[in-house]
Amino acid sequence: QVQVVESGGGLVQAGGSLRLSCTASGLTFDDYAMGWFRQAPGKEREGVSCITWSGRSTSYADSVKGRFTISRDNAKNTLYLQMNSLKPEDTAMYYCAAHFRPYNSCSRSSPGYNYWGQGTQVTVSS
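Quantities reported herein were computed from a predicted structural model and do not represent experimental measurements.

Describing the nonpolar core
Point 1. Counting 29 residues, the largest nonpolar core has Met-34, Trp-36, Phe-68, Leu-79, Leu-81, Met-83 and Tyr-94 as its most contacted members.
Point 2. Contact partners of Phe-68, with chain neighbours within four places excluded, come to Arg-38, Val-48, Tyr-60, Leu-81, Gln-82, Met-83, Asn-84, Leu-86, Asp-90 and Tyr-94.

Describing the sheet that holds strand S7 (residues 68–73)
Point 1. The antiparallel open sheet is built from 4 strands, whose spatial order is S1-S3-S8-S7. Two strands in the sheet have a free side with no partner beyond their single neighbour: strand S1 (3–7) and S7. Ignoring which end each strand starts from, the neighbouring axes of this sheet average 15° apart.
Point 2. Sheet topology note: the S1/strand S3 (residues 18–25) ladder contains 5 bridges and is antiparallel. Counterpart to Glu-6 in the pairing with S3 is Cys-22.

Topic: the side chain of Ser-21
Point 1. Relative to the assigned elements, Ser-21 resides in strand S3.
Point 2. For Ser-21, a relative accessible area of 16% translates into the label buried.

Focus on the pattern of salt bridges
Point 1. This structure, assessed with the given rule, holds 4 salt bridges.
Point 2. Here Lys-65 makes a salt bridge to Asp-62, at a shortest N to O gap of 3.5 Å. With respect to burial, Lys-65 and Asp-62 carry one shared label: exposed.
Point 3. Residues participating in the shared-partner salt-bridge network are Arg-38, Glu-46, Arg-67 and Asp-90.

The rules behind the values
- Just so you know, the residues in each chain are numbered from 1, in the order the chain's sequence is written.
- Local features in this predicted model are restricted to residues whose pLDDT is 70 or higher, and side-chain atom pairs enter the listing and the counts only when it is 80 or higher, whereas totals over whole chains, interfaces and linings include all residues.
- To get the side-chain values, take all heavy atoms of the structure and skip hydrogens and water.
- Remark: nonpolar core denotes a set of buried residues (Ala, Val, Leu, Ile, Met, Phe, Trp, Tyr, Cys) joined through side-chain atoms within 4.5 Å.
- A simple rule labels every residue: compare its accessible area, found with a 1.4 Å probe on the protein chains alone, to the largest value its type can have, and call it buried under 20%, exposed over 50%, or partly exposed in between.
- In this analysis, two residues are considered to be in contact whenever any of their non-hydrogen atoms come within 4.5 Å of each other.
- Two strands are counted as paired when DSSP detects at least two bridges linking them.
- In DSSP terms, a helix is any run of H or I states spanning at least four residues, a strand is any run of E spanning at least two, and both are numbered starting from the N terminus.
- Axes here mean lines fitted to C-alpha atoms, for a helix over just the part in contact, with angles spanning 0 to 180 degrees between N-to-C directions.
- Salt bridges are defined by distance alone: a side-chain nitrogen of Lys or Arg within 4 Å of a carboxyl oxygen of Asp or Glu.

By themselves, these are just geometric observations and shouldn't be taken as functional.
And the structure:
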C-alpha cells in the first residue's frame with residue numbers, strides 16, 4: 001500500500017537545472033525523514049541529501065552542496081530536490097526514500113530507510 005514515486009528526471013546540458021519530485025502515499029508522511037539517493041553505472045549508491053520530518057534540518061553530500069536544495073511539503077506528501085549547475089558527474093538514477101524517524105535528525109546512509117521509489121533517470125550531457 002505504501003507507494004513512493006519519483007518524477008522530474010530527464011536529459012539536460014551541463015550547467016542546467018532540474019527539479020525532482022517525490023510523492024509518498026500509504027504512510028504518515030510527517031513521521032518520516034526523507035532522502036534522495038543516486039547510483040551511477042559501476043558506482044555504489046550514495047546519499048545525496050536528506051531532510052527531517054519537519055524540514056527543520058537537512059544534510060547534503062559535499063559533491064552537491066551549494067548546488068542542490070532539498071525541501072518538502074508535508075501538506076502535499078511531497079519531497080523535492082532542486083538541482084542547479086548540473087555536471088556530467090551528476091548523471092545517475094535518483095531514488096527517493098522514506099525513513100521512519102520522528103526526530104530532528106536524518107541520515108544519508110541507506111540502512112534504516114523503509115521505503116524506496118523506482119527511481120528517475122537524470123542524464124547531464126557535456
